[in-house]
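Single-letter residue listing:
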Amino acid sequence: LTNHQVQKDSDTYNQTEISESQWSLQTFQTYLQQTKNQDLWQKKILPQIQELASLSLQSWPNEGHRRCSFELLGLDVILDSTYNPYLLEINTNPG
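The structure presented is a predicted model; accordingly, all values stated were derived computationally and were not measured.

Novice: What is the right way to read the overall build of the protein from this model?
Specialist: Counting secondary structure elements, the protein contains three helices and two strands. Ordered by position from the N terminus, the helices and strands of the protein form the series α-α-α-β-β. Counting across all 95 residues of the protein, residues that qualify as buried make up 13%. The long-range share in the protein, meaning contacts at least 24 apart out of those at least 6 apart in sequence, stands at 31%. Here the protein displays about 7700 Å² of accessible surface, and carbon together with sulfur accounts for 49% of that area.

This is the structure in structure tokens:
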């Protein structure tokens, strides 16, 4: 587990076959399709991430915000070995 904001300063950053040590969503979906022969993203991963996001927003406090404004949130999610997503953290100032 690494954070892009931390690993980008490493001496070994970008020394793998994966550009900038990150895959695009399309690349990840293609990988899943080619290695698992099914659409895990649409059928399993995305619906669970959407549920995590929905539950997180429902629990977000209604007070303590400026009027007529909005907040941009970043949800950090990790997948286990069977592609179940887990919420790591919610960032109020996503990088």
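Novice: How do you make sense of the packing of aromatic side chains when you look at a structure like this?
Specialist: Following the criterion strictly, the structure yields three aromatic pairs and no others. Aromatic side chains Phe28 and Trp41 sit 6.4 Å apart centroid to centroid with 85 degrees between the ring planes, which places their arrangement in the edge-to-face category. With a gap of 13 residues between them, Phe28 in helix H2 (residues 25-36) and Trp41 in helix H3 (residues 40-58) connect regions that are remote in the sequence. We classify Trp41 as buried; its relative accessible area is 12%.

Novice: Explain H3 here, please?
Specialist: Owing to its 3.6 residues per turn, the α-helix brings residues three or four apart onto one side. Given a rise of 1.5 Å per residue, 19 residues ought to cover 27 Å, and the 26 Å separating the end C-alpha atoms of H3 matches this to within 8%. Considering bend angle alone, the principal kink of H3 is centred on Leu46 and spans about 35 degrees; proline Pro47 follows within four residues of it. Listed in full, the buried residues belonging to H3 are Leu40, Trp41, Ile45 and Ser56. Close packing links the buried residues of H3 with H2, strand E1 (74-79) and strand E2 (85-91).

Novice: Can you help me understand the pairing of E2 in this one?
Specialist: In summary, the side chains of a regular strand alternate between the two faces of the sheet. Bridge count for E1 against E2 is six bridges, and the pairing is antiparallel. Following the sheet pairing, Ile78 is matched in E2 by Tyr86. Hairpin connection of E1 to E2: five residues between the antiparallel strands, including Tyr83 at a positive phi of 65 degrees.

Novice: Please clarify how the side chain of Asn84 should be interpreted in this entry.
Specialist: Position of Asn84 relative to the elements: it lies in the loop between E1 and E2. Within the structure, Asn84 has its side chain in polar contact with the side chain of Lys44 (distance 3.5 Å). At 2.9 Å, the side chain of Asn84 and the side chain of Thr82 are in polar contact. In this structure Asn84 touches Lys44, Gln48, Ile78 and Leu79, once residues within four positions along its chain are discounted.

Cut-offs and rules
Residues numbered from 1 in each chain as written. Predicted model: local features only at pLDDT ≥ 70, side-chain atom pairs only at ≥ 80, totals over all residues. Heavy atoms only, no water. Helix = DSSP H or I, 4+ residues; strand = E, 2+ residues; numbered from the N terminus. Buried < 20%, exposed > 50% of the residue type's maximum accessible area, 1.4 Å probe, protein only. Contact = heavy atoms within 4.5 Å. Areas by Shrake-Rupley, 256 points an atom, 1.4 Å probe, with all protein chains shown as cover. Phe/Tyr/Trp six-rings, centres within 6.5 Å; stacked < 30°, edge-to-face > 60°. Expected span 1.5 Å × (residues − 1). Bend = angle between axes of the 7 residues up to and from the residue. Pairing = 2+ DSSP bridges. Polar contact = N/O pair within 3.5 Å; in protein donor to acceptor, adjacent residues only side chain to side chain.

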